[in-house]
Each structure stands twice: as structure tokens, then as C-alpha cells.
Amino acid sequence: MNRVKFGTKAETLSLLKYLVSKAKFLELYYFDVSAWNDDKDAILEQIVASFQLQPIAVRSSAMAEDTSVNSMAGAFVSCLAVDGSDRLAIERAIQAVIASYSGNPKDQILIQPMLADVAISGVIATHVLNDGAPYYVFNYDDSSGKTDTITGGTGANKTVLIYREALDGYVESSRLLNWLMLIKEIELLCGKIPLEIEFAETRTGDVYLLQARRITVEKHWNRGISQRIDSTLHHVKQCIVERSVPVKGLAGSRTILGEMPDWNPAEIIGTCPSPLAISLYRRLITDRVWKEAREVLGYRKIPEIGLMTIIAGKPYIDVRLSFNSFLPSGLEDRIANKLIDAWLDRLGSHPEFHDKIEFEVASTALDFNFGEIVKERYPEVLSAEEFVEYRACLGHLTRSCLDVSEKGSLKRALQENAKLERLNTGHSKSRNISTLSGLLLLARQMLEECERSGTLPFAIVARHAFIAEALLRSAVARQALSIQRLATFRASLRTVTSEMVGDLEKACSGELSKERFLENYGHLRPGTYDILSKRYDQRDDLFQECILPEKNRD
């Protein structure tokens, strides 16, 4: 039931003051221009008597402001921090506000004390303003200590959106929950019409309502957007539920979805990738290659399930799948289930580990600190006998990976990857294909070759690198290797990136011809999975802004 009849800014606040329980209100005094013109001395006397011991805000409260048709936000003058004991300063402030009006004698001026010790100020809307999407939108400033940075568009602000139908229990922040309860209470009083409120919170935690108004852009909203979003969110929920149930052949009773674990789609194809980027990344990595590479190294064989899932256009890694692929083959299911659930619990408790699960959550090799880490992180998970079995299986895998002979997985992967350069050279002679069918057949062939001789061996080599990193870190932890020596060793390594950067410096300085640089690197593009991203040999500005490091001077 609508218990609030909106009037001017001052009238609405005056009414809400007696109805709202989730916020406090500043003392207020208001009058119209006609009354000011009739007896300004009496009004000034009243203001000084009421507010003389504190600075005041002289605010606009015009008849045309905050109506159902127009907001007129920022159209009129407001004067802040006016000396409440200085009649002349107050009079000047009131005259400034009146001068910004259109001449209506019913326009009002609102007087309130300045709120002291402000910790947070902000604006809450019951819908997204530009399209009416069904979210509570919180824009707030928790750093400046001012009450007008959000409405004035100055300073830094933070934004949080909460789905209108979300259960309050999902809001983990007590601060946000308090604000949510406030806007819901006001919304209920006003008949659930689209609203926007201004508020402030002091350092003692008291929340003050500064203004409440109707959203006037509602008439421009897309009326079907709420239904579409509700349907999409229902689909998202179903996807998560289906991914979270136990799966035959997978250890672990649930899962976690993340943007950055394991093959890190957020960094590689972006948080909102194009359909082509998603398709390529799935084909070349996350459908099969990721798991086949690990099986080659001796990790657990798992069902044919894609590592990456797309939910509402965003890519997520199924962490349960990832964790399963870090278990050594031959490990009993009973032990596997205990480990996966323990790893998921740790990641759930420490989401900051989402981009470093191989070192902070799971054990992917028998390193020099393995026993201590397992006992520290998961002291009650495995029995003594189960720990011994797990250690033995992981030890067998690690020893196999350390085989650098011609039969070892590392050597074979590097040999297979070397074929890719020869294949690329061969395809460069086929660029004169003119028919669509011929181009499509060539594209399919190149994808197959890229998968077989490119991403699969790369994934094997990358896993070797993770194992090496785990061994090095554990050697430092056991004080068998100093941090300084490890840093020196890392700096001595030649990588594809360091070679490319070095060659670019040489090309910019003239030590290497630009033609030779493009011959080696021109086929690459910054967005590997985005064909709209120009190749290096298609960029006219590649060598225009070379910044060379300063040479050491004697």
C-alpha cells in the first residue's frame, strides 16, 4: 500500500521521517519563496535559533524538482557548510538558491545541519537507470568523507548491483545489507515505484536518509528486460546446479567455477569473449587437449567433459575437473574423493588462490616439501596408510616426468612441437587458394595440426614447467636453495617472450632488419584467438614507438 505521497524534496523528507525505521533523519526546516519575501527577518531568526551552533546546508526544494516527470537534479543551487550563526551568510545562501529558481513563489528552501563525521555517502536506485534492469544499484564513496561526491560526479566511487529477487542471506556484507533493508523499506512505503535515494553513514555506523525521489526515466525503459534477465538468471542457476552434482568417474561431491584457475580463460580469451574465440579455445585446449596432455604425463584419466563452461556469455573453469586432472593415475577412488573435497573446501575458504591453485591448493608433484604441506593444509583428511599410497602414486608420476631421455614425455613433446614450424612454412605456399571450400579445408587441416603439434605438446611442456616450479619453490622452502640463487637462475632462462622482446629491440635499433623480425614474428597477433586483432605484420605502427632501454654508462 502506498503510504507516501510525494511532494517537494522537503515535504517528502518530512513525511518519511515519521515512517522510516531503518535510517535517521537530520533536523529540517523549510519555507517557500513567498514566505521569505514577506518576512525574511523572522525566517533568519528561526534558522539562527535552530542551527547557530553548527554549519548548515541551504538546499533547493523547488516545485519542479523530483517530480514524476522531471528530476531536475543539479539544476538548482545548494550551498553547503554555511555558518549557522552568521545571518548575512545565511541570507546570501538563501538568495543564491532563490536566484536559481524560475520565479515560482511556491518554490521552497530546505535548511538542514551539515552531517558530521561522514564515513560513506551514496545513492541507491531500485533499478538500473538506463534500461530498468531488475537490480538494486549502490553507488557510494567511502573515502572522501563528503556527502555530495556521488550526486556531484566528483571523486572516486564504488558500484555494487544486487538482483532484486536475490535472497537477503546471499548478501555477505553487513553494511550493504543494512542499505538494502533501508531501500526495501522505503520502496514498500512508496508502493514499489522506481526510486532513488541519497544516504550517508557516519563512522559510528548511523545511516541517514538525505533524499528520496522517483526515477523519472522509467518511461524510456525496455519493458521486457526484467523477464529476459529473470529467465537468464534461472538458466545460470540451472547450469551451476547441474555442474555441481556428483558425476560418475569424477572424484568430489561438488564443484567451484572460476574465471582464472588452470587454463585461465579470463586472461587468455577475456571475460566476455566472442563466439569464435570460445570455439577456438575449446577446440585447441579445453575440450580434450588439457586432459590428454596430463594423461600422457601419468595423471588420472577422467571423463570426456569440457574443462570450460560458458554461462551468460562468460567463461568459467570447472575446478573439480581441473583438480581431478592433478591426481596421479592408480590412486584409489576413496582417497581421490577425500582429496578433491578437501581442495575444493580450501579454495572456497580462500578465493584469493583462484589463480594459483597448483601451488596453494593442489599438489601436482612430489616436491621436497610435499609431506609438510599436506600435513599443514589437510591434517585430518588422509589416514597414515592413505597418505603413503598418495605419496607413492605421486612419486611414480614425478619420477616419470623427470625422465629427460628420448623416451621421456618432455623430449617427445618438444620434438612434436618442432614440426609446427615446418608445417607453417608449408602452408605459406598455399595462400593463393581462392575458393571458399579450399580455404575451409585448409583451415580445418591447420586446426588439426595446431592441436596435434602445437597445443597438445605445449600443454605437456607447460605441465613440466609447473612441476619444475614446484620443485624449485620447495627447495627454497627447505633452504636447499636461496631465493637469490633462484632469481639468478630464472633470469638466465631464454623464453619465447624474452627472445621476441630482445629481437624487437634489435629491430628498433637497426641491429636486426625489420623484415627478418616480421619473418619470425609477423604471423602472431596480440589477441591470439581474435581474428579481428591485427597480426604484427599488418600493423603500420609496430616500430614507430620503440622505447629502448638505456645502456649502462661507465
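These lines cover the structure that appears in this document, whether it is placed above or below. Nothing here was measured: the structure is a model prediction, and the numbers come from that model. (Residues numbered from 1 in each chain as written. Predicted model: local features only at pLDDT ≥ 70, side-chain atom pairs only at ≥ 80, totals over all residues. Heavy atoms only, no water.)

**Structural notes on the overall build of the protein**
A tally of regular secondary structure across the protein gives 20 helices and 12 strands. For 554 residues, the compact-globule estimate of 2.2 N^0.38 gives 24 Å, and the C-alpha radius of gyration of the protein, at 33 Å, exceeds that figure by more than 25%. Counting only C-alpha atoms, the protein reaches 100 × 65 × 60 Å along its principal axes. Within the span of the protein, comprising 554 residues, buried residues form 43% of the whole. Contacts spanning at least 24 positions in sequence make up 66% of the contacts within the protein whose residues lie at least 6 apart. Counting every atom, the protein has about 30,300 Å² of accessible surface; 52% of that belongs to carbon and sulfur. A gap of 6 Å separates the mean positions of the 68 positive and 74 negative side-chain charges of the protein. (Helix = DSSP H or I, 4+ residues; strand = E, 2+ residues; numbered from the N terminus. Rg over C-alpha atoms; globule rule 2.2 N^0.38 Å. Buried < 20%, exposed > 50% of the residue type's maximum accessible area, 1.4 Å probe, protein only. Contact = heavy atoms within 4.5 Å. Areas by Shrake-Rupley, 256 points an atom, 1.4 Å probe, with all protein chains shown as cover. Lys, Arg positive; Asp, Glu negative; His and termini not counted. Charge placed at Lys NZ, Arg CZ, Asp CG, Glu CD.)

**Quick notes on the environment of valine 217**
Along the chain, valine 217 falls in the loop between strand S9 (207-214) and helix H7 (225-244). As for valine 217 and asparagine 130, which are separated by 87 residues in sequence, their C-alpha atoms are 7.7 Å apart.

**Considering the layout of surface pockets**
In this structure, the second largest pocket spans a volume of roughly 950 Å³. Lining the second largest pocket we find 24 residues, and of these Ala166, Tyr170, Leu233, Val236 and Ile240 sit closest to its centre. Secondary structure elements with two or more residues in the lining of the second largest pocket: strand S7 (158-163), H7 and strand S12 (314-318). Ranked by residue count, the leading element in the lining of the second largest pocket is H7, at eight residues. Classifying every residue of the lining of the second largest pocket by side-chain character gives 17 nonpolar, two polar and five charged. (1 Å grid on protein atoms, 1.4 Å probe; cavity = no way out; pocket = protein on both sides within 12 Å on 5 of 7 lines; lining within 4 Å. Points joined across faces, edges and corners; volume = space filled by probe spheres on them. Nonpolar A, V, L, I, M, F, W, Y, C, P; charged D, E, K, R; others polar.)

**Describing the packing of helix H3 (residues 40-51) against helix H4 (residues 87-99)**
Packing of H3 against H4 brings their axes to within 10 Å, and their N-to-C directions diverge by 115 degrees. Once H3 is placed against H4, the crossing between them reads as right-handed. Two secondary-structure elements touch here, H3 through Lys40, Asp41, Leu44, Glu45, Ile47 and Val48 and H4 through Arg87, Ile90, Glu91 and Ile94. Partitioning the contact of H3 with H4 into residue classes produces five nonpolar, no polar and five charged. (Axes fitted to C-alpha atoms, helices over the stretch in contact; angles between N-to-C directions. Left-handed = near helix turned anticlockwise from the far one by under 90°.)

**Notes on the pattern of salt bridges**
Taken as a whole and assessed by the stated rule, the structure comprises 36 salt bridges. Salt-bridge contacts for lysine 158 lead to aspartate 142; the nearest nitrogen and oxygen are separated by 3.0 Å. Here aspartate 142 lies in the loop between strand S6 (135-141) and helix H5 (149-152) and lysine 158 lies in strand S7, a separation of 16 residues in the sequence. Residue classification places aspartate 142 among the partly exposed residues on the basis of a relative accessible area of 26%. The salt bridge partner of arginine 288 is glutamate 451, with a shortest N-O separation of 2.5 Å. Of this pair, arginine 288 sits in the loop between helix H9 (275-286) and helix H10 (289-297) while glutamate 451 sits in helix H17 (residues 436-477), placing them 163 residues apart in sequence. Residues joined in a network through salt bridges with shared partners are Arg283, Arg288, Glu292 and Glu451. (Salt bridge = Lys/Arg side-chain N within 4 Å of Asp/Glu carboxyl O.)

**Things to note about the nonpolar core**
Of all hydrophobic cores here, the largest spans 32 residues; its most connected members are Leu16, Val20, Phe138, Trp179, Ile186, Ile197 and Leu209. Of all elements in the fold, only helix H1 (9-16), strand S5 (118-125), S6, helix H6 (174-189), strand S8 (195-202) and S9 reach the threshold of two or more residues within this core. Here the element with the most residues in this core is H6; it accounts for seven residues. (Core = buried A, V, L, I, M, F, W, Y, C linked by side-chain atoms within 4.5 Å.)

**Considerations on the sheet that holds S8**
Backbone-to-backbone hydrogen bonds join strands into a sheet, with any given pair of strands oriented parallel or antiparallel. Across the sheet, five strands lie side by side as S7-S6-S5-S8-S9; this open sheet has antiparallel pairing. If you trace the sheet from one side to the other, it starts and ends with S7 and S9, each paired once. Neighbour to neighbour, the strand axes of the sheet diverge by 20 degrees on average, direction disregarded. Where S5 and S6 come together, five bridges link them in antiparallel fashion. Bridging across to S6, serine 121 finds its partner in aspartate 141. (Pairing = 2+ DSSP bridges.)

**Digging into the environment of serine 244**
Structurally, serine 244 can be placed in helix H7. Distance in space between the C-alpha atoms of serine 244 and lysine 534 is 39 Å, their sequence separation being 290 residues. Contacts of serine 244, omitting those with residues within four sequence positions, involve Ser253, Arg254, Thr255 and Arg320. Among the polar contacts made by the side chain of serine 244, one reaches the main-chain carbonyl oxygen of isoleucine 240 at a distance of 2.6 Å. (Polar contact = N/O pair within 3.5 Å; in protein donor to acceptor, adjacent residues only side chain to side chain.)

**Considering unusual backbone geometry**
With a phi close to 60 degrees, aspartate 117 is a non-glycine residue in the positive phi region. Tracing the backbone shows aspartate 117 in the loop between strand S4 (108-113) and S5. Positioned with a positive phi, asparagine 264 is a non-glycine residue whose angle comes to about 45 degrees. Along the chain, the position of asparagine 264 falls in the loop between strand S10 (257-258) and helix H8 (265-268).

**So, the packing of aromatic side chains**
Under the definition given, this model contains 15 aromatic pairs. Here the aromatic rings of tyrosine 281 and tyrosine 529 are separated by 5.1 Å at their centres, their planes lie at 85 degrees, and the arrangement is edge-to-face. Of this pair, tyrosine 281 sits in helix H9 while tyrosine 529 is found in the segment after helix H20 (514-521), placing the two residues 248 residues apart along the sequence. Of the residues examined, tyrosine 529 reaches a relative accessible area of 12% and is grouped as buried. Members of the aromatic cluster, each reached through a chain of ring pairs, are Phe138, Tyr140, Trp179 and Phe199. Between the NZ or CZ atom of lysine 375 and the centre of the ring of phenylalanine 387, over which it lies, the distance is 5.9 Å. (Phe/Tyr/Trp six-rings, centres within 6.5 Å; stacked < 30°, edge-to-face > 60°. Lys NZ or Arg CZ within 6 Å of the ring centre and 35° of its normal.)

**A word on the pairing of S4**
Side-chain positions along a regular strand alternate between the two faces of the sheet. Burial within S4 is extensive, with six of its six residues counted as buried. Of the two faces of S4, the one lined by Gln108, Leu110 and Gln112 and the one lined by Ile109, Ile111 and Pro113 are each fully buried. By the bridge criterion, four bridges tie strand S1 (residues 29-32) to S4 in an arrangement that is antiparallel. Paired with tyrosine 29 across the two strands is isoleucine 111, which belongs to S4. Note: strand S2 (residues 55-61) against S4, six bridges, orientation antiparallel. Paired with arginine 59 across the strands is leucine 110, a residue of S4.

**Points about the state of the cysteines**
For the coordinates displayed, the defined rule picks out zero disulfides. Not part of a disulfide, cysteine 272 finds its nearest cysteine sulfur in cysteine 239, a span of 16 Å. (Disulfide = S-S within 2.5 Å.)

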